[in-house]
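An overview of the molecular structure
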Amino acid sequence: MSLTATYKLGARLFWRDKGMLAGSVITPVALAVGMPVLMANVRADGATAAADIFYGTIALLLSITSFMNIAVALTMRRDQLLLKRLRSTRLTDAQILAGEVASTVTQTVGLLAGCLVAVHFLAGVPYPEHPLLFGLAAVAGSLTVAVLGVAYTAAIPRGELAAAMTVPVFLVCGVSAGAMGPMLELLPSWVGTVLGLLPTSAVVDAMRTGPDALLPLVVNLLVWGVVGLAAIKLWLRWEPRRS
Amino acid sequence: MTAIQVTGLRKAHGGFEAVKGISFEVAPGEIFALLGRNGAGKTTTVEVLAGFQRPDGGAVRVLGLDPWTERAAVRQRTGVMLQEAGFFPDLTVARTVDTWRDFTAAPRPRAEALELAGLTEKAATKVRQLSGGEKRRLDLALATLGRPDVLFLDEPTTGMDPEARHATWDLVRDLARSGATVLLTTHYLEEAQRLAGSVAIMDHGEVVAAGGMAEILATRSGRVSFRLPSGLDPAELPLPVTLDGELAVCRADDPDLAAQTLLSWAAGRGLRLTGLEVRTATLEDLFLDRSTR
């Protein structure tokens, strides 16, 4: 009951926060739909190029709608003592966070599905060859990235800095997945190797590659998930610093 | 079993020791007031009791449970009205109550919760449009939604107008009559004196006076004050007095008897003691005495 209640609250607040919607919905959706449509129209290999960049923009969608959204929302709620108020109820800490994460994952996967349909019709991007794997990667990836977003709030000193401090994360995720063009080719090869370890890279790789990338995806997300949960356990703050 | 038991509680923030080994107990169904100036350690004590902060030393029990290690169990049976906590500003009052009802086992119906807090007419108003006092009333509605066994109220009537304050007092009394234990902190001495059966006065993290309200006030002398007749040497009076501007103030265990003595003495000399005021001990006397030492 309580998890459902926090889930409902998270979803309600997500769609009511018009300021956040611009950043966490409009921007990633515009990129995830707009760039493939652009590629489809300017490149000779239109549909292939559109598909390639679409999968890259999934990393952006995950890092903005999952990671940035939950990190900013939780930091603001922490600073406004809303998390403290929620903790004054019978909700457990785990229920509060799980509700937020579940709500974030739902929004992210819903947007991703909407973008997939949109680019199919607007840019000729084919539907995934392995839809089950695609769905699994989307849900598990979004879940892991949202958990990391919760953990990241510990590093954000106050709410006004939250959005700015998440920008480097989605830039790196976007570059590593090819959402910003072939930028990795301009960088030393070890950079690509390191960035390939990001959870968003593993998700995009699995979506592009298919079942062969399933095991690496599972291992990658499990490791990042454990790292995120450990960081939450060790460092998460429910209230702003007193000084 | 005591509802709340605090034994040698210590809590520091950084290098500052906010609570220095305090102890007190609150019986079931009792209203207990924690009094003290800003920074006395009241809020820290409440936050430890409500499970928001871990004690550095000593022990606290709420309904026999440790609020830090058994927070989930404690929260099932307690309501908390924090001194500082935010609201979701874009939700209406009704939606806020509905949301909190989802978090509460066997909650009061929304209409009842709003009526108790005097917010029925504000049901459709967004929280961001409420005044400070109305937000405190909403806070109270949320804290009492689950009919808690123990209610922590940190400065419950701050910012409320007199009417709302009296309504809140009535509500707190009703809750206590129905069996709830209430621990409240307040700056308003009148509030504590009207509501609480027991009191603890905190100063610089220590309890400087504690006990039943009647018992603690009985330890204080009453007071008789009057304008000192011009030209009269206070030393001539039959009872010792102190001077407070034009006023002579006599402290006595039995202020009625002291007043009679003074009036008889004055009548015998053809003097009038104008502005005579006879007062039994008040919490304010005790508070000012203990917290300014």
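As the structure is a prediction and not an experimental result, all values here were calculated from the model.

Quick notes on the rules
Residues numbered from 1 in each chain as written. Chains lettered and ligands numbered in written order. Predicted model: local features only at pLDDT ≥ 70, side-chain atom pairs only at ≥ 80, totals over all residues. Helix = DSSP H or I, 4+ residues; strand = E, 2+ residues; numbered from the N terminus. Rg over C-alpha atoms; globule rule 2.2 N^0.38 Å. Buried ≥ 20, exposed ≤ 12 C-beta atoms within 10 Å, placed from the backbone. Contact = placed C-beta atoms within 7 Å. Pairing = 2+ DSSP bridges. Axes fitted to C-alpha atoms, helices over the stretch in contact; angles between N-to-C directions. Nonpolar A, V, L, I, M, F, W, Y, C, P; charged D, E, K, R; others polar. Parallel < 35°, antiparallel > 145°, perpendicular 65-115°, else oblique. Core = buried A, V, L, I, M, F, W, Y, C linked by C-beta atoms within 7 Å. Expected span 1.5 Å × (residues − 1). Bend = angle between axes of the 7 residues up to and from the residue.

With that settled, consider the overall build of chain A. Along its length, chain A carries 10 helices and 0 strands. At 18 Å, chain A has a C-alpha radius of gyration in line with the 18 Å of a compact globule built from 243 residues. Based on the C-alpha atoms only, the size of chain A along its principal axes is roughly 60 × 35 × 30 Å. The buried share of chain A, taken over its 243 residues, is 48%.

The next thing to look at is the overall build of chain B. Counting secondary structure elements, chain B contains 10 helices and 13 strands. Dimensions of chain B, computed from the C-alpha atoms along their principal axes, are close to 75 × 45 × 35 Å. Residue burial in chain B is summarised as follows: out of 293 residues, 42% are buried. Sequence separation of at least 24 residues holds for 66% of the intrachain contacts in chain B that already meet a minimum separation of 6.

The next subject is the sheet that holds strand β2 (residues 16-26) of chain B. All names here are of chain B. Across the sheet, 3 strands lie side by side as β2-β1-β4; this open sheet has antiparallel pairing. Edge positions in the sheet fall to β2 and β4 (57-62), since each has one partner strand and no second. Averaged over all pairs of adjacent strands, the angle between strand axes in this sheet comes to 25°, irrespective of strand direction. Sheet topology places strand β1 (residues 4-13) next to β2; 8 bridges connect them, and they run antiparallel. Bridging across to β2, Gln5 finds its partner in Glu25. Running over the sheet, helix α1 (residues 42-49) touches β1, β2 and β4 and is turned about 115° from β1.

The next subject is the interface of chain B and chain A. Listed per partner, the contact involves 20 residues of chain B and 18 residues of chain A. Among the secondary structure elements, those contributing two or more residues to the side of chain B that touches chain A are α2 (71-76) and α3 (93-102) of chain B. Considering only residue class, the side of chain B that touches chain A consists of 10 nonpolar, 6 polar and 4 charged.

Residues and elements named next belong to chain B. The sheet built from 6 strands is open, its strands ordered β5-β6-β7-β3-β8-β9 with mixed pairing. With one partner strand each, in any of the chains shown, β5 (78-81) and β9 (206-212) form the two edges of the open sheet. This sheet shows a mean twist of 15° between the axes of neighbouring strands, independent of strand direction. By the bridge criterion, 6 bridges tie strand β8 (residues 198-203) to β9 in an arrangement that is antiparallel. Bridge assignment links Ile201 to a residue of β9, and that residue is Ala209. Lying over the sheet, helix α5 (residues 132-143) contacts β5 and β6 (150-154), oriented at roughly 170° with respect to β5. In the packing of helix α6 (residues 162-177) onto the sheet, the strands contacted are β3 (31-36), β6 and β7 (181-186), and the crossing angle to β7 comes to about 150°.

Glancing now at the packing of helix α2 (residues 18-42) of chain A against helix α3 (residues 46-79) of chain A. Residue and element names in this part refer to chain A. The N-to-C vectors of α2 and α3 enclose an angle of 175°; their axes lie 8 Å apart at closest approach. With respect to each other, α2 and α3 are oriented roughly antiparallel. A breakdown of the residues in the contact of α2 with α3 according to their chemical character gives 21 nonpolar, 8 polar and no charged.

Of all hydrophobic cores here, the largest spans 136 residues; its most connected members are Ala50, Ile58 and Phe67 of chain A together with Ala141, Phe152 and Val182 of chain B. The leading source of residues in this core is α3 of chain A, at 20 residues. Leaving out residues up to four positions away in the same chain, Ala50 of chain A has contacts with Pro36, Met39, Ala40, Val119, Ala123, Gly124 and Val125 of chain A. Grouped together as the second largest cluster of nonpolar side chains are 10 residues, Val224, Phe226, Val241 and Leu262 of chain B included.

On to the environment of Val169 of chain A. Residue and element names in this part refer to chain A. For Val169, the location among the structural elements is in helix α7 (residues 162-177). A residue is classified by how many C-beta atoms lie within 10 Å of it, and Val169, with 20 of them, is buried. Those residues in contact with Val169 that lie beyond four places of it in its chain are Ser63 and Phe67.

All names here are of chain A. The end-to-end C-alpha distance of α3 is 47 Å, a good match for the 50 Å that 34 residues give at a rise of 1.5 Å each. When the local axis directions of α3 are compared, the greatest deviation, roughly 30°, occurs at Met68. Taken across its 34 residues, α3 has 30 buried, putting it largely inside the fold. Phi for Leu81, located one or two positions after α3, is positive at around 60°.

Let us look at the pairing of β3 of chain B. Residues and elements named next belong to chain B. In terms of burial, β3 is a largely internal element, 6 of the 6 residues being buried. Residue alternation in β3 divides its side chains into two sets, Ile31, Ala33 and Leu35 and Phe32, Leu34 and Gly36, and both sets are buried. Pairing of β3 with β7 involves 5 bridges; the strand directions are parallel. Note that in β7 the partner of Phe32 across the bridge is Leu183.

Residues and elements named next belong to chain B. For β1 and β4, the ladder comprises 5 bridges, and the chain directions are antiparallel. For Thr7, the partnering residue across the bridge sits in β4 and is Ala59. Hairpin connection between β1 and β2: a loop of 2 residues separates the two successive antiparallel strands, and Gly14 in this loop has a positive phi of roughly 65°.

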